[in-house]
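# Examining the three-dimensional arrangement
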Amino acid sequence: MLEELEQALGSPLDSQPQVPSPKPLVLVISGPSGVGKDAVIKRLQEVRKEVHFVVTVTSRPIRPHEVEGIDYYFVSKAEFMDLIARNELLEHAVVYGDYKGIPKKQVRDCMLNGQDVLLRLDVQGAATVRKLLGQDAVFIFMVAESEMALVKRLVERKTESFDKLLIRIATARKELELMSEFDYVVVNADGQLEQTVSKICSIIDAEKARVHQRCAQL
Ligand SMILES: Nc1ncnc2c1ncn2[C@@H]1O[C@H](COP(=O)(O)OP(=O)(O)OP(=O)(O)O)[C@@H](O)[C@H]1O
(Lines give C-alpha, C1' and ligand atoms only; values in the text may rest on other atoms or scores of the structure.)
Protein backbone atom coordinates (compact mmCIF):
# COMPACT_ATOMS: atom_id res chain seq x y z
CA MET A 1 0.00 0.00 0.00
CA LEU A 2 2.77 2.44 0.97
CA GLU A 3 4.62 1.75 -2.28
CA GLU A 4 1.45 2.29 -4.25
CA LEU A 5 0.90 5.60 -2.47
CA GLU A 6 4.48 6.65 -3.21
CA GLN A 7 4.02 5.73 -6.85
CA ALA A 8 0.76 7.68 -7.04
CA LEU A 9 2.40 10.65 -5.32
CA GLY A 10 5.45 10.47 -7.55
CA SER A 11 7.73 10.90 -4.54
CA PRO A 12 8.79 8.75 -1.59
CA LEU A 13 7.15 9.16 1.82
CA ASP A 14 9.58 11.00 4.11
CA SER A 15 10.66 9.17 7.30
CA GLN A 16 12.59 12.15 8.67
CA PRO A 17 11.22 13.90 11.81
CA GLN A 18 8.71 16.58 10.82
CA VAL A 19 10.02 19.02 13.39
CA PRO A 20 13.61 19.65 14.47
CA SER A 21 14.59 18.80 18.07
CA PRO A 22 13.47 21.53 20.45
CA LYS A 23 16.07 24.19 21.22
CA PRO A 24 17.66 24.24 24.71
CA LEU A 25 15.74 26.50 27.07
CA VAL A 26 16.98 29.11 29.49
CA LEU A 27 14.58 28.96 32.40
CA VAL A 28 14.56 31.57 35.16
CA ILE A 29 12.82 30.84 38.46
CA SER A 30 12.28 33.83 40.69
CA GLY A 31 10.02 35.08 43.44
CA PRO A 32 10.06 36.56 46.92
CA SER A 33 12.31 35.23 49.64
CA GLY A 34 10.84 32.20 51.38
CA VAL A 35 8.41 31.32 48.60
CA GLY A 36 10.17 27.97 48.15
CA LYS A 37 12.54 28.48 45.20
CA ASP A 38 15.31 26.31 46.64
CA ALA A 39 12.93 23.55 47.75
CA VAL A 40 11.21 23.46 44.35
CA ILE A 41 14.47 23.54 42.37
CA LYS A 42 15.93 20.75 44.51
CA ARG A 43 12.94 18.54 43.71
CA LEU A 44 12.88 19.62 40.06
CA GLN A 45 16.49 18.49 39.71
CA GLU A 46 15.44 15.04 40.92
CA VAL A 47 12.56 14.65 38.48
CA ARG A 48 14.16 16.46 35.52
CA LYS A 49 17.76 15.36 35.65
CA GLU A 50 18.42 16.63 32.14
CA VAL A 51 17.88 20.25 33.21
CA HIS A 52 21.16 21.83 34.32
CA PHE A 53 20.92 24.07 37.36
CA VAL A 54 23.52 26.80 36.97
CA VAL A 55 26.03 27.00 39.81
CA THR A 56 26.68 30.59 40.89
CA VAL A 57 30.20 31.96 41.08
CA THR A 58 31.09 33.84 44.29
CA SER A 59 34.01 35.75 45.76
CA ARG A 60 33.10 34.65 49.27
CA PRO A 61 35.44 32.14 50.96
CA ILE A 62 34.36 28.50 50.93
CA ARG A 63 32.67 27.27 54.14
CA PRO A 64 33.59 23.89 55.68
CA HIS A 65 30.51 21.96 54.49
CA GLU A 66 30.51 23.46 50.98
CA VAL A 67 31.67 21.73 47.82
CA GLU A 68 33.33 23.56 44.91
CA GLY A 69 31.14 23.29 41.81
CA ILE A 70 28.09 22.10 43.74
CA ASP A 71 27.27 24.91 46.14
CA TYR A 72 29.22 27.59 44.28
CA TYR A 73 32.29 28.14 42.18
CA PHE A 74 34.66 29.97 44.50
CA VAL A 75 36.96 32.62 43.03
CA SER A 76 39.03 35.50 44.42
CA LYS A 77 37.69 39.08 44.26
CA ALA A 78 40.28 39.82 41.55
CA GLU A 79 39.09 36.87 39.49
CA PHE A 80 35.48 38.01 39.94
CA MET A 81 36.43 41.53 38.78
CA ASP A 82 38.07 39.98 35.74
CA LEU A 83 34.84 38.10 34.90
CA ILE A 84 32.92 41.40 35.11
CA ALA A 85 35.51 43.21 32.97
CA ARG A 86 35.31 40.49 30.31
CA ASN A 87 31.49 40.68 30.32
CA GLU A 88 31.43 37.01 31.25
CA LEU A 89 28.63 37.31 33.81
CA LEU A 90 24.98 37.23 32.82
CA GLU A 91 24.10 38.98 36.03
CA HIS A 92 25.89 39.80 39.27
CA ALA A 93 25.21 41.41 42.62
CA VAL A 94 26.85 42.15 45.92
CA VAL A 95 25.30 40.06 48.69
CA TYR A 96 26.42 40.93 52.21
CA GLY A 97 29.70 42.32 50.84
CA ASP A 98 30.49 39.34 48.62
CA TYR A 99 30.05 39.12 44.89
CA LYS A 100 27.76 36.54 43.33
CA GLY A 101 27.14 36.07 39.63
CA ILE A 102 25.93 33.79 36.87
CA PRO A 103 28.78 32.70 34.58
CA LYS A 104 27.78 32.98 30.93
CA LYS A 105 30.23 30.24 29.93
CA GLN A 106 28.40 27.63 31.98
CA VAL A 107 25.09 28.56 30.33
CA ARG A 108 26.67 28.59 26.85
CA ASP A 109 28.42 25.23 27.32
CA CYS A 110 25.23 23.52 28.49
CA MET A 111 23.19 24.94 25.62
CA LEU A 112 25.82 23.79 23.12
CA ASN A 113 25.38 20.34 24.66
CA GLY A 114 21.65 20.60 24.00
CA GLN A 115 20.86 20.91 27.71
CA ASP A 116 18.18 23.15 29.22
CA VAL A 117 19.50 25.61 31.77
CA LEU A 118 17.82 26.67 34.98
CA LEU A 119 18.68 29.88 36.81
CA ARG A 120 17.50 30.82 40.29
CA LEU A 121 17.47 34.59 40.53
CA ASP A 122 16.08 37.15 42.93
CA VAL A 123 13.42 39.36 41.39
CA GLN A 124 15.92 42.16 40.68
CA GLY A 125 18.32 39.73 39.01
CA ALA A 126 15.50 38.31 36.92
CA ALA A 127 14.63 41.85 35.75
CA THR A 128 18.26 42.36 34.68
CA VAL A 129 18.34 39.08 32.74
CA ARG A 130 14.95 39.89 31.17
CA LYS A 131 16.47 43.10 29.76
CA LEU A 132 19.37 41.09 28.32
CA LEU A 133 17.52 38.07 26.95
CA GLY A 134 14.01 39.48 26.49
CA GLN A 135 11.60 36.85 25.16
CA ASP A 136 14.45 34.41 24.49
CA ALA A 137 14.30 32.97 28.01
CA VAL A 138 11.36 31.72 30.06
CA PHE A 139 10.65 33.62 33.25
CA ILE A 140 8.64 31.94 36.01
CA PHE A 141 7.47 33.87 39.06
CA MET A 142 6.72 31.81 42.15
CA VAL A 143 4.26 33.03 44.74
CA ALA A 144 2.75 31.60 47.89
CA GLU A 145 -1.04 31.33 48.08
CA SER A 146 -1.13 34.37 50.38
CA GLU A 147 1.15 36.80 52.14
CA MET A 148 0.26 35.11 55.42
CA ALA A 149 1.37 31.71 54.06
CA LEU A 150 4.65 33.20 52.83
CA VAL A 151 5.42 34.82 56.17
CA LYS A 152 4.53 31.66 58.11
CA ARG A 153 6.99 29.74 55.91
CA LEU A 154 9.72 32.28 56.55
CA VAL A 155 9.04 32.27 60.31
CA GLU A 156 9.10 28.47 60.42
CA ARG A 157 12.39 28.39 58.49
CA LYS A 158 13.92 30.23 61.49
CA THR A 159 16.73 31.76 59.44
CA GLU A 160 15.75 35.43 59.78
CA SER A 161 15.65 37.81 62.72
CA PHE A 162 12.51 39.90 63.37
CA ASP A 163 14.04 42.92 61.64
CA LYS A 164 15.14 40.88 58.65
CA LEU A 165 11.64 39.41 58.40
CA LEU A 166 10.18 42.92 58.26
CA ILE A 167 12.55 43.82 55.41
CA ARG A 168 11.74 40.61 53.53
CA ILE A 169 7.99 41.21 53.81
CA ALA A 170 8.30 44.81 52.59
CA THR A 171 10.53 43.62 49.73
CA ALA A 172 8.10 40.84 48.84
CA ARG A 173 5.27 43.39 48.55
CA LYS A 174 7.33 45.43 46.07
CA GLU A 175 8.42 42.30 44.19
CA LEU A 176 4.84 41.17 43.69
CA GLU A 177 4.27 44.32 41.64
CA LEU A 178 6.84 43.05 39.12
CA MET A 179 4.93 39.85 38.40
CA SER A 180 3.59 41.22 35.10
CA GLU A 181 7.15 41.21 33.70
CA PHE A 182 7.18 37.39 33.86
CA ASP A 183 5.84 34.77 31.42
CA TYR A 184 4.31 32.43 33.97
CA VAL A 185 3.20 32.58 37.59
CA VAL A 186 3.18 29.43 39.70
CA VAL A 187 1.53 29.26 43.11
CA ASN A 188 3.60 27.16 45.51
CA ALA A 189 0.80 26.37 47.94
CA ASP A 190 1.45 25.02 51.40
CA GLY A 191 2.15 21.29 51.39
CA GLN A 192 1.83 21.21 47.58
CA LEU A 193 5.49 21.13 46.57
CA GLU A 194 4.97 18.18 44.20
CA GLN A 195 2.14 20.00 42.39
CA THR A 196 4.35 23.08 42.05
CA VAL A 197 7.15 21.01 40.52
CA SER A 198 4.72 19.32 38.19
CA LYS A 199 3.35 22.70 37.04
CA ILE A 200 6.91 23.78 36.21
CA CYS A 201 7.43 20.52 34.30
CA SER A 202 4.26 21.30 32.33
CA ILE A 203 5.63 24.74 31.49
CA ILE A 204 8.87 23.15 30.22
CA ASP A 205 6.87 20.66 28.13
CA ALA A 206 4.68 23.42 26.70
CA GLU A 207 7.75 25.51 25.84
CA LYS A 208 9.24 22.50 24.01
CA ALA A 209 6.08 22.31 21.92
CA ARG A 210 6.17 25.94 20.79
CA VAL A 211 6.11 26.44 17.04
CA HIS A 212 8.37 29.49 17.38
CA GLN A 213 11.04 28.34 19.79
CA ARG A 214 12.85 30.76 22.07
CA CYS A 215 16.55 30.94 21.29
CA ALA A 216 18.75 32.64 23.88
CA GLN A 217 22.11 33.91 22.58
CA LEU A 218 24.78 34.75 25.12
N1 LIG B 1 4.94 24.06 49.13
C2 LIG B 1 5.51 24.20 50.33
N3 LIG B 1 4.82 23.89 51.43
C4 LIG B 1 5.37 24.02 52.65
N5 LIG B 1 6.61 24.48 52.90
C6 LIG B 1 7.35 24.81 51.84
C7 LIG B 1 6.85 24.69 50.51
N8 LIG B 1 7.82 25.11 49.66
C9 LIG B 1 8.88 25.45 50.43
N10 LIG B 1 8.62 25.28 51.74
C11 LIG B 1 9.49 25.58 52.88
O12 LIG B 1 9.50 27.00 53.02
C13 LIG B 1 10.78 27.45 53.45
C14 LIG B 1 11.31 28.46 52.44
O15 LIG B 1 11.62 27.75 51.25
P16 LIG B 1 12.98 28.03 50.45
O17 LIG B 1 14.14 28.19 51.37
O18 LIG B 1 13.06 27.01 49.37
O19 LIG B 1 12.61 29.48 49.82
P20 LIG B 1 13.44 30.42 48.86
O21 LIG B 1 12.44 31.05 47.95
O22 LIG B 1 14.55 29.66 48.25
O23 LIG B 1 13.97 31.51 49.89
P24 LIG B 1 15.24 32.52 49.81
O25 LIG B 1 15.03 33.35 48.55
O26 LIG B 1 15.15 33.32 51.06
O27 LIG B 1 16.47 31.65 49.73
C28 LIG B 1 11.66 26.22 53.57
O29 LIG B 1 11.68 25.84 54.93
C30 LIG B 1 10.95 25.19 52.70
O31 LIG B 1 11.20 23.87 53.12
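Thresholds, definitions, all that
Residues numbered from 1 in each chain as written. Predicted model: local features only at pLDDT ≥ 70, side-chain atom pairs only at ≥ 80, totals over all residues. Heavy atoms only, no water. Near = heavy atom within 4 Å. Polar contact = N/O pair within 3.5 Å; in protein donor to acceptor, adjacent residues only side chain to side chain. 1 Å grid on protein atoms, 1.4 Å probe; cavity = no way out; pocket = protein on both sides within 12 Å on 5 of 7 lines; lining within 4 Å. Sits in = over half its atoms within 2 Å of the grid points. Helix = DSSP H or I, 4+ residues; strand = E, 2+ residues; numbered from the N terminus. Nonpolar A, V, L, I, M, F, W, Y, C, P; charged D, E, K, R; others polar. Disulfide = S-S within 2.5 Å. Buried < 20%, exposed > 50% of the residue type's maximum accessible area, 1.4 Å probe, protein only. Domains from an automatic or database assignment. Buried area = accessible area lost by both parts, 1.4 Å probe. Salt bridge = Lys/Arg side-chain N within 4 Å of Asp/Glu carboxyl O. Core = buried A, V, L, I, M, F, W, Y, C linked by side-chain atoms within 4.5 Å. Contact = heavy atoms within 4.5 Å.

## A few points about the site of the ligand
- Not every one of the 18 residues close to the ligand is listed here, only the nearest: Ser33, Lys37, Arg120, Arg157 and Gly191.
- Note that an oxygen atom of the ligand is positioned 2.9 Å from one of the side-chain N or O atoms of Lys37.
- Contacts to the ligand include Ala189, whose backbone N or O atom sits 2.9 Å from a nitrogen atom.
- A molecule is said to occupy a pocket when more than half its atoms come within 2 Å of that pocket's grid points, and by this definition the ligand occupies the largest pocket.
- Secondary-structure elements contributing two or more residues to the shell around the ligand are α2 (37-47) and α6 (147-157).
- When its residues are assigned to classes, the shell around the ligand shows five nonpolar, six polar and seven charged.

## What about the state of the cysteines?
- A complete count under the given rule lists zero disulfides for this structure.
- You can see Cys110 has no disulfide; the closest cysteine sulfur is in Cys215, sitting 15 Å from it.
- For Cys110, a relative accessible area of 7% gives the class buried.
- This cysteine, Cys201, is not joined by any disulfide, and Cys110 carries the nearest cysteine sulfur, 18 Å off.
- Its relative accessible area of 11% is what places Cys201 among the buried residues.

## Focus: the domain arrangement of the chain
- The domain architecture assigned to the chain consists of domain 1 (20-51 + 116-218) and domain 2 (55-113).
- Spacing between the C-alpha centres of domain 1 and domain 2 amounts to 20 Å.
- Across the domain 1 to domain 2 interface the summed buried area is about 1,100 Å²; carbon plus sulfur atoms make up 78%.
- Run the count over domain 1 and domain 2 and you get zero salt bridges.
- If you look at where domain 1 meets domain 2, you find one residue pair in polar contact (both at pLDDT 80 or more).

## Describing the nonpolar core
- With 22 residues, the main nonpolar core has Leu27, Ile29, Leu44, Leu118, Ile140 and Ile200 as its most contacted residues.
- Counting only elements with at least two residues in this core, the list comes to β1 (26-30), α2, β8 (138-143), α6 and α8 (193-208).
- Here the element with the most residues in this core is α8; it accounts for five residues.
- Those residues in contact with Leu118, other than ones at most four positions away along the chain, are Leu27, Ile29, Ile41, Leu44, Val51, His52, Phe53 and Val54.

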